[in-house]
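Observations on chain architecture
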Amino acid sequence: MSSERQLPKFDDLPKFKDFTGCAWEVWGKDDQLGTVNLLTDDIVKEASKEIKTGKAIGLNWPINFPAKPAFGRKAPEHEVIVHEAFGAVNDDHLHINTQSGTQWDGLKHFGLVHHRLFYQGQAGNLNITNPTDIDPDLIKYGIHNWAQHGICGRGVFLDLVRFYTEAHGRLPYDPFTSHPIPLADILACAKKQGVTFRRGDILILRVGFMQRFNGATPEERDSLGSKPETFAGIEQSEDMKRFLWDNHFAAIASDQPALERWPPEEGVQHLHQTLLGLWGMPIGEFFDLEALSKHCAETGRYTFFFSSWPLNVLGGVASPPNAAVSDIPPSSMSLSAHPTRTGLLLTPRQHRLRNTCVCACQAT
């Protein structure tokens, strides 16, 4: 659009110490949204043209999955409180680590680890000690900023699992292993699907974790919470950074637990440091893309309106995304036959319930 502000190319961004591509103050020195700034009213309005029938698909794993989270995170706890004196009245308690399942990593999650800095060069401890007496300096860069803005725009889906399987007859890597997804394959997948990118797109990648988890043995699933983490993900190359910045994606998500190849090779910087610490770009992980993959394959359509409303937690580090996409044209697939994570079948009403969502930095 002609009114769009020009943004610097990746190669024109300044360096910060040992990092290339520092975007601090691109949106002003007081900015707390990062690349979510790209989701302007005009961008969201244009994205709404993707809605044709109003059909939606949720992208959220049940919040009590996985039962044994990776990275040493707390297992989810859900307790239903029955009020016997009132006959038919219940409450429930939910105790989770906001990053144990489907999630957005927020700006307070992962910074420049060796420099002890977060987005915008924020140093120090941003811990809230009294939730009823909020210090604005302590809640800076919290997940509430995205919650109050919303992460809504045009979603673009790249089904790398289907791309690889059609080319090789099978997935040529194990999503439970440290395998890099090269930029060349992402571009080839986009070309095969006929996808082009627009400023402010939300990029969604299916790499294979959910499919692998669904077919895993109970022992394999449980081991994810007890062994050193190894997961497939996008490569941590300069070309990958250049691709993500120069296309001006507002956010990126995948079905993998870490988005990027985990762990990186020796001596290679975590991509989280660039995406969150230098750009302020939301990182989505554990997105359940299986139903979306089936619909996109049937319809041949890989763009849609994406909506996500994180939890409005002042100063929060991360959040379940409450994410969904629409409009996916109707297809002949019966949702009642879509398996849950335990292999049971859901009724259409159970599926509706399951998928409901609230539709200048210089080196020093």
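Residues numbered from 1 in each chain as written. Predicted model: local features only at pLDDT ≥ 70, side-chain atom pairs only at ≥ 80, totals over all residues. Heavy atoms only, no water.

Structural notes on the overall build of the protein chain
Where we set the bar: A helix here means a DSSP run of H or I that spans at least four residues, while a strand means a run of E at least two residues long, and both kinds are numbered starting from the N terminus. Values of accessible area rely on a 1.4 Å probe in the Shrake-Rupley scheme; residue burial ignores everything except the protein chains shown.
Scanning the protein chain from terminus to terminus reveals 10 helices and 13 strands. Within the structure as shown, the protein chain displays about 16,500 Å² of accessible surface, and the carbon and sulfur contribution to it stands at 52%.

Considering empty space enclosed by the protein
For clarity, the threshold we go by: Cavities and pockets are found on a 1 Å grid laid over the protein atoms alone: a cavity is a set of points where a 1.4 Å probe fits but cannot escape, a pocket is an open set with protein on both sides within 12 Å along at least five of seven lines, and a lining residue has an atom within 4 Å of such a point. Grid points are joined across faces, edges and corners, and a volume is the space filled by probe spheres set on the points. Think of it as three bins: nonpolar holds Ala, Val, Leu, Ile, Met, Phe, Trp, Tyr, Cys and Pro, charged holds Asp, Glu, Lys and Arg, and polar takes everything else, Gly as well.
Each pocket or cavity is described by its volume, and for the largest cavity that value is around 50 Å³. Every residue lining the largest cavity is listed: Pro66, Lys68, Pro69, Ala70, Phe209, Phe213, Arg221, Leu224, Phe231, Pro257 and Phe286. Grouping the constituent residues of the lining of the largest cavity by class yields 9 nonpolar, no polar and 2 charged.

Some thoughts on the side chain of Ser319
Rule in force here: When a residue's accessible area, from a 1.4 Å probe over protein chains only, is under 20% of the maximum for its type it is buried; when over 50% it is exposed; and in between it is partly exposed. A contact between two residues is defined here by any heavy atoms of the two lying within 4.5 Å.
You can see Ser319 is positioned in strand E12 (residues 318-319). The buried category is assigned to Ser319, whose relative accessible area is 0%. With sequence-adjacent residues up to four places away left out, Ser319 is seen in contact with Thr98, Thr102, Gln103, Trp104, Ile143, Pro310 and Leu311.

Let's talk about the side chain of Glu285
We apply this condition: Counted charges follow a simple rule, with Lys and Arg positive, Asp and Glu negative, and His plus the chain ends left uncounted. Should a side-chain nitrogen of Lys or Arg be within 4 Å of a carboxyl oxygen of Asp or Glu, the pair is scored as a salt bridge.
With respect to the helices and strands, the residue Glu285 is situated in strand E10 (residues 283-285). Although Glu285 is buried, it forms no salt bridge, and the closest oppositely charged side chain is Arg73 at an N-O distance of 5.4 Å. Those residues in contact with Glu285, other than ones at most four positions away along the chain, are Gly101, Thr102, Gln103, Asp105, Ser254, Gln256, Pro257, Ala258, Leu259 and His272.

Focus: the environment of Gly142
Along the chain, Gly142 falls in the loop between strand E4 (103-105) and helix H2 (144-149). Classification of Gly142 by relative accessible area gives buried; the value is 4%. Spatially, the C-alpha atom of Gly142 lies 6.1 Å from that of Leu314, the residues being 172 residues apart in sequence. Contacts of Gly142, omitting those with residues within four sequence positions, involve Lys108, Gly315 and Gly316.

Concerning the layout of surface pockets
Of the voids in this model, the second largest pocket is the one considered here, and its volume is about 210 Å³. The wall of the second largest pocket is formed by 12 residues, among which Lys108, Leu126, Asn127, Gly315 and Val317 lie closest to the centre. For the lining of the second largest pocket, the per-class residue count stands at 6 nonpolar, 5 polar and 1 charged.

Brief notes about the packing of aromatic side chains
Where we set the bar: Classification of ring pairs uses Phe, Tyr and Trp, with its six-membered ring standing for Trp, and accepts pairs whose centres are within 6.5 Å; under 30 degrees between planes counts as stacked, over 60 as edge-to-face, and the remaining range as tilted. The criterion is that NZ of a Lys, or CZ of an Arg, lies within 6 Å of the ring centre and within 35 degrees of the ring normal, and then a charge sits over that ring.
Tallied over the full model, the rule gives 23 aromatic pairs. Taking the centre distance of 4.8 Å and the plane angle of 55 degrees together, the rings of Phe16 and Trp24 count as tilted. With respect to burial, Phe16 and Trp24 carry one shared label: buried. When the ring of Trp104 is compared with that of Phe287, the centres are 5.3 Å apart and the planes differ by 65 degrees; the resulting orientation is edge-to-face. Of this pair, Trp104 sits in strand E4 while Phe287 sits in the loop between E10 and helix H9 (290-299), placing them 183 residues apart in sequence. Given a relative accessible area of 0%, Phe287 falls into the buried group. By way of ring pairs, the aromatic residues Trp61, Phe65, Phe71, Phe176, Phe209, Phe213, Phe231, Trp262 and Phe286 are connected into one cluster. Note that Arg212 overlies the ring of Phe176, its terminal NZ or CZ placed 4.3 Å from the centroid.

Overview of the sheet that holds strand E1 (residues 57-58)
As a reminder of what qualifies: Pairing between two strands requires that DSSP report at least two bridges joining them. Between N-to-C directions, angles cover 0 to 180 degrees, with each direction set by a line fitted to C-alpha atoms, over the stretch in contact for helices.
What the 9 strands build is an open sheet, ordered E1-E13-E11-E5-E7-E9-E10-E4-E12; its pairing is mixed. Among the strands making up the open sheet, the edge pair consists of E1 and E12. As paired strands, E1 and strand E13 (residues 323-326) are joined by 2 bridges and run antiparallel to one another. Each residue of the ladder has a partner; that of Gly58, found in E13, is Ala324. This element, helix H3 (residues 160-168), spans strand E5 (153-159) and strand E7 (202-206) of the sheet and lies at about 25 degrees to E5.

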